[in-house]
Amino acid sequence: MDIGLMAHDSKKELMQNFCIAYKRILSRHDIYSTGDTGRLVEDVTNLPIHKFLPGQLGGVRQMCAQIDCNQMDAVIFLRDINEPESGSNDFLNVIELCDVNNIPVATNIASAELLVLAIERGDLSWRDLYK
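Residues numbered from 1 in each chain as written. Predicted model: local features only at pLDDT ≥ 70, side-chain atom pairs only at ≥ 80, totals over all residues. Heavy atoms only, no water.

Attention now moves to the packing of aromatic side chains. Inspection of every chain in the model, using the stated rule, returns two aromatic pairs. Note on Phe18 and Tyr22: the rings are 5.0 Å apart at their centroids and 45° apart in plane angle, and the pair reads as tilted. In terms of burial, Phe18 and Tyr22 fall into one category: buried. Both rings, one in Tyr32 and one in Phe52, keep their centres 6.2 Å apart while their planes meet at 25°; by these two values the pair is stacked. (Phe/Tyr/Trp six-rings, centres within 6.5 Å; stacked < 30°, edge-to-face > 60°. Buried < 20%, exposed > 50% of the residue type's maximum accessible area, 1.4 Å probe, protein only.)

Next up, the structure:
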């Protein structure tokens, strides 16, 4: 499966810890990420990550393009609603495009854990048919 990772600055360490905890599951999938988040996760997990540009430099738009073309199977986007850019159209587009394309999206650590465990169980195998 193709899994997208994004995290606001205040959630990047949480994303790193999440990916360390679920490295075994994530290692069986293709991981895509905005630049800074991808680099930080790659540094602590040694997982190969396809990195887009940093979020504010176009990485969010690159992720949106992948989602819009139905090329992501799941997205984990750890958001901080108190960050100034959290309400920007680019970030909101990620969630809206996931909704339009029936791509599961997790926006906090609790839903991220549910999503990655569902991927492990094969609950998202329908995505292969949907593509």
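Ranked by size, the top nonpolar core spans 22 residues in total, and within it Leu5, Met15, Phe18, Cys19, Leu26, Ile76 and Leu115 carry the most contacts. Counting residues per element, this core draws most heavily on helix H6 (residues 109-121), at four residues. Those residues within four positions of Met15 in sequence are excluded, and the remaining contacts are Leu5, Met6, Ala7, Thr37, Val41, Ile76 and Leu78. Of all hydrophobic cores here, the second largest spans 16 residues; its members include Phe52, Ile67, Phe77 and Cys98. (Core = buried A, V, L, I, M, F, W, Y, C linked by side-chain atoms within 4.5 Å. Helix = DSSP H or I, 4+ residues; strand = E, 2+ residues; numbered from the N terminus. Contact = heavy atoms within 4.5 Å.)

Further remarks concern the packing of helix H1 (residues 12-21) against helix H3 (residues 35-45). Helix-helix packing: each pair is described by the crossing angle between the helix axes and the interaxial distance. Put simply, H1 and H3 touch, their axes get as near as 9 Å, and they point 40° apart. The pairing of H1 with H3 is recorded here as oblique in orientation. Seen along the crossing, H1 lies across H3 with a hand that is right-handed. Listed contacts from H3 to Lys12, Met15, Gln16, Cys19 and Ile20 of H1 are Asp36, Thr37, Leu40, Val41, Val44 and Thr45. Its residues assigned to classes, the contact of H1 with H3 shows six nonpolar, three polar and two charged. (Axes fitted to C-alpha atoms, helices over the stretch in contact; angles between N-to-C directions. Parallel < 35°, antiparallel > 145°, perpendicular 65-115°, else oblique. Left-handed = near helix turned anticlockwise from the far one by under 90°. Nonpolar A, V, L, I, M, F, W, Y, C, P; charged D, E, K, R; others polar.)

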